[in-house]
Amino acid sequence: MRMRYIIGNWKMNGLAADLEKIIQISKLSNRTLQPDLTVVVCPPATLLPGAGEIHDVSIGGQDCSPYEKGAYTGEISVSMLKELGVTYCIIGHSERRAAHGEKSSIVARKADVLISAGLFPIICVGEPAESRNRDDAIGFVTRMARESLPQSDGPFLLAYEPVWAIGSGRAASVGEISAMHDALRNLAGPQTPLLYGGSVKPENAGALAEIRNVDGFLVGGASLDPETFIKIAAQLNEAERNCERASV
Ligand code: PGA
């Protein structure tokens, strides 16, 4: 049995009233999901204090500072996240790489800071459409991953999120994900959970969950609705049961 992961990235969505959705996710997950699935919700930073008090669902940040403390206006440090009960943190998301100039070397540094505080980094990598069209996606993504990985040995999760698939309604194909995840498995080793993200929804989650080196999903838009999110999660459970049946 291997651990699988469903991680919701709420991005800049959610006000205090939406904490109710995390409570609903926790209840639905308790009622319907198997325990070999880790459920993580990454709400905006303003909701982390309330979210950290909700049981049975892990809470993640959407970014963190690579520095411990000091004159970094607007930044949130890893110890600030930790104090709120946060255990995971997304870093290197393509929206931050594009809009905030986040470079792979900074991502690697953030990963190290998170690991040394005992939090799990969720390191995001993915190619733009031009790279996919040039047939250079695997080279592009493995290079980005190599530069974004921590120096320390601690555990991390690696999420493949093609930029063109995020929020577009068009997920990468089974073949594209399969080839990329095999390459990332070679790079990151057998213990690193590999996630796919980019337009995952209940309609495609079943087929994507069956891909050999897919250990879970990073879900944006579809994570904002608790029932939709749990429907996707249930398909990861189902894929794991199928995997177990096939191996006996
Ligand atoms: P999406 O976003 O599921 O809305 O495509 C995924 C992500 O950006 O993590």
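Just above sits the structure.
So, here is what we can say about the structure in this document. Every value quoted in this text rests on a predicted model; they were computed, and no experiment measured them.

### As for the site of the ligand
In step 1: Of all residues adjacent to the ligand, which total 13 residues, the nearest are Lys11, His93, Glu161, Gly167 and Ser199.
In step 2: At a separation of 2.8 Å, an oxygen atom of the ligand approaches a polar backbone atom of glycine 220.
In step 3: In the model, an oxygen atom of the ligand is placed 2.8 Å from a nitrogen or oxygen of the glycine 221 main chain.
In step 4: Contact with the protein chains hides 95% of the accessible area of the ligand, taken as 280 Å² for the molecule alone.
In step 5: Taken atom by atom, the bulk of the ligand overlaps the second largest pocket.
In step 6: Looking at side-chain class alone, the shell around the ligand contains 4 nonpolar, 7 polar and 2 charged residues.

### Let's talk about the side chain of arginine 185
In step 1: Note on placement: arginine 185 falls in helix 8 (residues 174-188).
In step 2: From its side chain, arginine 185 meets the backbone oxygen of threonine 192 in a polar contact 2.8 Å long.
In step 3: Residues contacting arginine 185, with those up to four places away along its chain left out, are Pro190, Thr192, Leu194, Asn213 and Asp215.

### A few points about the side chain of serine 26
In step 1: The topology assignment puts serine 26 in helix 1 (residues 19-32).
In step 2: Within polar-contact distance, the side chain of serine 26 engages the backbone oxygen of histidine 55 at 3.1 Å.
In step 3: Contacts of serine 26, omitting those with residues within four sequence positions, involve Ile54, His55, Asp56 and Val57.

### Here's the deal with the pairing of strand 5 (residues 120-125)
Looking along a regular strand, one sees side chains alternate from face to face of the sheet.
In step 1: Of all 6 residues in strand 5, 5 are buried; the element is thus mostly enclosed.
In step 2: As judged from the 4 bridges shared by strand 4 (residues 88-91) and strand 5, these two strands associate in the parallel manner. Across the sheet, residue cysteine 89 finds its bridge partner in strand 5, namely proline 121.
In step 3: Bridging between strand 5 and strand 6 (residues 157-160) involves 4 bridges; their strand directions are parallel. Paired with isoleucine 122 across the strands is leucine 157, a residue of strand 6.

So, how was this worked out
Residues numbered from 1 in each chain as written. Predicted model: local features only at pLDDT ≥ 70, side-chain atom pairs only at ≥ 80, totals over all residues. Heavy atoms only, no water. Near = heavy atom within 4 Å. Polar contact = N/O pair within 3.5 Å; in protein donor to acceptor, adjacent residues only side chain to side chain. Areas by Shrake-Rupley, 256 points an atom, 1.4 Å probe, with all protein chains shown as cover. 1 Å grid on protein atoms, 1.4 Å probe; cavity = no way out; pocket = protein on both sides within 12 Å on 5 of 7 lines; lining within 4 Å. Sits in = over half its atoms within 2 Å of the grid points. Nonpolar A, V, L, I, M, F, W, Y, C, P; charged D, E, K, R; others polar. Helix = DSSP H or I, 4+ residues; strand = E, 2+ residues; numbered from the N terminus. Contact = heavy atoms within 4.5 Å. Buried < 20%, exposed > 50% of the residue type's maximum accessible area, 1.4 Å probe, protein only. Pairing = 2+ DSSP bridges.

So, to be careful, I would describe these as geometric facts and stop short of saying anything about function.
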